[in-house]
Amino acid sequence: MKTLLAATLAAVTFLTTGMAEAANNRFELHNYSGEDVFEVYIRGPATEWSDGLLGPSILEYGDSLYIDPLGHQCDFDVMLVTYDGSEHVFHEYVCNISDVELTSYSGGGFRFVTY
């Protein structure tokens, strides 16, 4: 009986910790890439891309955007589309972070730096 109780308590602790972590998945995306971003989409595991998060706006260099991931997920993909139509997809784990910086690197691509 003690073993069953201990296992039940461990499962409840694991589930509530996971839910609390997932509830803390909103973050701010800062565009420090040197380029404007014309479209931003997100998707969770086994889901389709969201509607565009920017609407008719663009995410200019130096601007930021708050992203609230689909549902209460920690792992998801972000797709950014630049002026020339290039798509840049990143897989991110965002629970317990508050900021993501979009930067560029010498190879001409983007990278995410999380805080």
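Okay, so let's go over this structure. Each chain carries its own residue numbering, running from 1 in the direction its sequence is written. A pLDDT threshold of at least 70 governs which residues receive local features in this predicted model, and a stricter bar of 80 or more applies before side-chain atom pairs are shown or counted, although totals over entire chains, interfaces and linings include all residues. Values shown for side chains rest on all heavy atoms present in the structure; no hydrogens or waters enter the calculation.

1. Describing the overall build of the protein
Item 1. Put simply, DSSP H or I for four residues or longer makes a helix, DSSP E for two residues or longer makes a strand, and each gets a number counted from the N terminus. When you go through the protein residue by residue, the secondary structure sums to 1 helix and 7 strands.
Item 2. Helices and strands in the protein line up, N terminus first, as α-β-β-β-β-β-β-β.
Item 3. Any residue under 20% of the maximum accessible area for its type is buried, any over 50% is exposed, and the rest in between are partly exposed; the area is computed with a 1.4 Å probe on protein chains only. Buried residues in the protein amount to 33% of all 115 residues.
Item 4. Excluding contacts between residues fewer than 6 apart, the proportion of contacts in the protein whose partners are at least 24 apart in sequence is 59%. Contact criterion: two residues are considered in contact whenever any of their non-hydrogen atoms come within 4.5 Å of each other.

2. Observations regarding the nonpolar core
Item 1. Among the nonpolar cores identified, the biggest contains 19 residues, and Leu29, Val40, Leu80, Leu102 and Phe112 are the most heavily contacted of them.
Item 2. Elements supplying a minimum of two residues to this core: strand S1 (27-32), strand S2 (37-43), strand S3 (64-67), strand S4 (75-82), strand S6 (99-104) and strand S7 (110-114).
Item 3. Those residues in contact with Leu29, other than ones at most four positions away along the chain, are Leu59, Asp63, Ser64, Leu65, Ile67, Leu80, Val100, Leu102 and Phe112. Residues grouped as a nonpolar core are buried Ala, Val, Leu, Ile, Met, Phe, Trp, Tyr and Cys residues, joined through side-chain atoms within 4.5 Å.

3. With respect to the pattern of salt bridges
Item 1. For this document, the term salt bridge refers to a Lys or Arg side-chain nitrogen within 4 Å of an Asp or Glu carboxyl oxygen. Under the defined criterion, the tally for this structure stands at 1 salt bridge.
Item 2. Residues Asp77 and Arg43 are paired through a salt bridge, measuring 3.0 Å at the closest nitrogen-oxygen approach. Of this pair, Asp77 sits in strand S4 while Arg43 sits in strand S2, and the two are 34 residues apart along the sequence.

4. Digging into the side chain of Ser33
Item 1. Note on placement: Ser33 falls in the loop between S1 and S2.
Item 2. Classification of Ser33 as buried rests on a relative accessible area of 7%.
Item 3. Among the polar contacts listed, one links the side chain of Ser33 to the side chain of Asn31, at a separation of 2.6 Å.
Item 4. Two N or O atoms count as a polar contact when they lie within 3.5 Å, although within protein this holds only if one can serve as hydrogen donor and the other as acceptor, and sequence-adjacent residues are included solely when both atoms are side-chain atoms. One polar contact links the side chain of Ser33 to the main-chain amide nitrogen of Glu35, over a distance of 3.1 Å.

5. Quick look at the environment of Asn25
Item 1. Counting through the fold element by element, Asn25 comes out in the loop between helix H1 (2-23) and S1.
Item 2. Given a relative accessible area of 2%, Asn25 falls into the buried group.
Item 3. Each C-alpha atom of the pair Asn25 and Gln73 lies 7.2 Å from the other, and the pair is 48 residues apart in sequence.

6. Some thoughts on a negative patch on the surface
Item 1. Candidates for patches are residues over 30% relative accessible area with no salt bridge; among them, like charges are joined within 9 Å and nonpolar side chains (Val, Leu, Ile, Met, Phe, Trp, Tyr) within 5 Å. Note on areas: these come from Shrake-Rupley sampling with a 1.4 Å probe, and a residue is covered only by the protein chains present in the view. Here the positive residues are Lys and Arg and the negative ones are Asp and Glu; neither His nor the chain ends is included. Working definition for charges: the position is that of NZ of Lys, CZ of Arg, CG of Asp or CD of Glu. There is a patch of like negative charges on the surface, built from Glu35, Asp36, Glu60, Asp63 and Asp84.
Item 2. If you trace the backbone, Asp36 turns up in the loop between S1 and S2.

7. A look at the pairing of S3
Item 1. Taking every second residue as pointing to the same face, the buried face of S3 carries Leu65 and Ile67, while none of Ser64 and Tyr66 on the other face is buried.
Item 2. Note that S1 and S3 share 4 bridges and pair antiparallel. Residue pairing across strands places Leu29 opposite Leu65, the latter belonging to S3. Pairs of strands are assigned from DSSP output, requiring at least two bridges between the strands.

8. As for the sheet that holds S1
Item 1. Taken in spatial order, the 4 strands make up an open sheet running S3-S1-S6-S7, and their pairing is mixed. In this open sheet, the two edge strands, each paired with only one partner strand, are S3 and S7. Taken over all neighbouring pairs, the strand axes of this sheet differ in orientation by 25° on average, direction set aside.
Item 2. Pairing between S6 and S7: 5 bridges, direction antiparallel. From the neighbouring strand, Val100 faces S7, where its bridge partner is Thr114. Axes here mean lines fitted to C-alpha atoms, for a helix over just the part in contact, with angles spanning 0 to 180 degrees between N-to-C directions.

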